[in-house]
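Chain by chain, the residues run as shown.
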Amino acid sequence: VITQVPDTSFREQLEDALAVAFNNKKISFVNAHNLFPPDTLIFYSTLEREFYEAGTDGVLIVKLIDIGLSDMYIIPGGVLPPDAYNYYEFYSVYYYYDLPLIGVPGYLERSDRSFRLDANLYQGRGDMIIWAGQSKNIDMTDYKDELNAFAKKLARTLRSEKLIKK
């Protein structure tokens with residue numbers, strides 16, 4: 001299993017989730033971080049040799065493919081005056097209504113963050129893809145539970161489609 005994500009702690013959490021899910025389905029695997037140092041470019045021939053020596057039949061690559069951010073404007077505490085977003089004839093009216101609102105910390109928050117994962121299974125020799133799948137959007141606020149669910153579904157799918165025997 002090779003995970004390609006930019007953050008080391010996130011990578012460890014993803015690999016731990018995959019380890020638990022694969023162990024529960026009695027799927028034997030080797031995490032690439034046990035064979036190669038993180039963030040190191042390895043030649044294909046070295047990869048193939050290391051995986052062959054580790055006794056692997058295939059290579060599962062899970063990588064981060066999309067990060068979604070959306071800005072959310074949050075009006076701090078209280079009710080807006082009814083004419084707060086109307087056309088302002090004078091700039092002093094704008095400052096009277098809006099500046100106190102947008103000057104408060106927390107007015108602009110990035111509250112909707114999500115990401116997607118891509119999983120590709122390759123045969124061990126010959127580097128041919130035999131299966132591919134993607135996660136749904138995973139919300140950053142509860143991503144640990146979502147990673148566990150993704151790993152469980154991935155292990156169940158690979159087992160049910162008879163892509164992995166043991």
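Our structure's up above, just so we're on the same page.
Numbering of residues starts from 1 in every chain and runs along the sequence as written. With pLDDT at 70 or above as the cut-off, local features in this predicted model cover only qualifying residues; side-chain atom pairs require 80 or more to be listed or tallied, and sums for whole chains, interfaces and linings still use all residues. Excluding hydrogens and water, the side-chain figures rest on all heavy atoms present in the structure.

S.K.: Residues and numbers for the packing of aromatic side chains, please.
M.R.: In this description, an aromatic ring pair is defined by two values, namely the gap between the centres and the angle between the planes. Any pair of Phe, Tyr and Trp rings, taking the six-membered ring for Trp, is counted once the centres come within 6.5 Å. Such a pair is stacked with planes under 30 degrees apart, edge-to-face with planes over 60 apart, and tilted for the rest. Scanning the model with the defined rule gives 3 aromatic pairs in all. Plain terms: the ring middles of Phe10 and Phe115 are 5.3 Å apart, the flat faces sit at 90° to each other, and that makes the pair edge-to-face. Here the residue Phe10 occupies a position in helix 1 (residues 8–24), and Phe115 occupies one in strand 3 (residues 108–123), the gap between them amounting to 105 residues. With respect to class, Phe10 is no different from Phe115; both count as buried. Put simply, the rings of Phe10, Phe115 and Tyr143 touch in pairs and so form one group of aromatic residues. The helix and strand labels rest on DSSP assignments: H or I over at least four residues marks a helix, E over at least two residues marks a strand, and numbering proceeds from the N terminus. Only protein chains enter the accessibility calculation, which uses a 1.4 Å probe. A residue is then buried if its area is under 20% of the maximum for its type, exposed if over 50%, and partly exposed in between.

S.K.: Kindly report on helix 5 (residues 143–160), identifying the contributing residues and their values.
M.R.: Helix length check: helix 5 (18 residues) gives 25 Å between terminal C-alpha atoms against 26 Å at 1.5 Å per residue, within 8%. Inspection of helix 5 places Tyr143, Glu146, Leu147, Phe150, Ala151, Leu154, Ala155, Thr157 and Leu158 among the buried residues, and these make up the whole buried set. For helix 5, the arc enclosing every buried residue in end-on projection is 165°, short of the 170-degree limit, so these residues lie on one face. For helix 5, the exposed residues lying more than 90 degrees away from the buried face are Asp145, Lys153 and Ser160. Looking one or two residues past helix 5, Lys162 carries a phi angle of roughly 60°, positive in sign. For a helix, the expected span equals 1.5 Å multiplied by the number of residues minus one. Note that the arc is defined by the directions from the helix axis to the C-beta atoms.

S.K.: Let's hear about the environment of Ile138: which residues, and what values?
M.R.: Note that Ile138 resides in strand 5 (residues 138–139). Taking the C-alpha atoms as reference, Ile138 lies 6.1 Å from Arg116; in sequence the two are 22 residues apart. Every residue pair with non-hydrogen atoms within 4.5 Å of one another is taken to be in contact. Ignoring sequence-local partners within four residues, the contact set of Ile138 consists of Arg113, Ser114, Phe115, Leu117, Tyr143 and Glu146.

S.K.: Describe the packing of helix 1 against helix 5, naming the residues involved and giving the relevant values.
M.R.: Each pair of packed helices can be described by the angle between their axes along with the distance between the axes. All axes here are fitted lines through C-alpha atoms, helices being fitted over the stretch that makes contact, and every angle between N-to-C directions spans 0 to 180 degrees. Viewed as axis vectors pointing N to C, helix 1 and helix 5 meet at an angle of 40°, and their least axial separation amounts to 8 Å. One finds that helix 1 runs oblique with respect to helix 5. As for the relative orientation of helix 1 and helix 5, their crossing is right-handed in sense. Here Phe10, Gln13, Leu14, Ala17, Leu18, Ala21 and Phe22 of helix 1 come into contact with helix 5, specifically with Tyr143, Lys144, Leu147, Asn148, Phe150, Ala151, Lys152, Leu154, Ala155 and Leu158. Should an angle lie under 35 degrees it is considered roughly parallel, over 145 roughly antiparallel, and from 65 to 115 roughly perpendicular; all remaining angles are considered oblique. The sense of a crossing depends on the near helix, which, turned anticlockwise from the far helix by less than a right angle, makes the crossing left-handed and, turned clockwise, makes it right-handed.

S.K.: Mind laying out the environment of Glu48, listing which residues take part and the relevant values?
M.R.: With respect to the helices and strands, the residue Glu48 is situated in helix 2 (residues 44–53). Distance from Glu48 to Gly58, taken between C-alpha atoms, is 10.0 Å for residues 10 residues apart in sequence.

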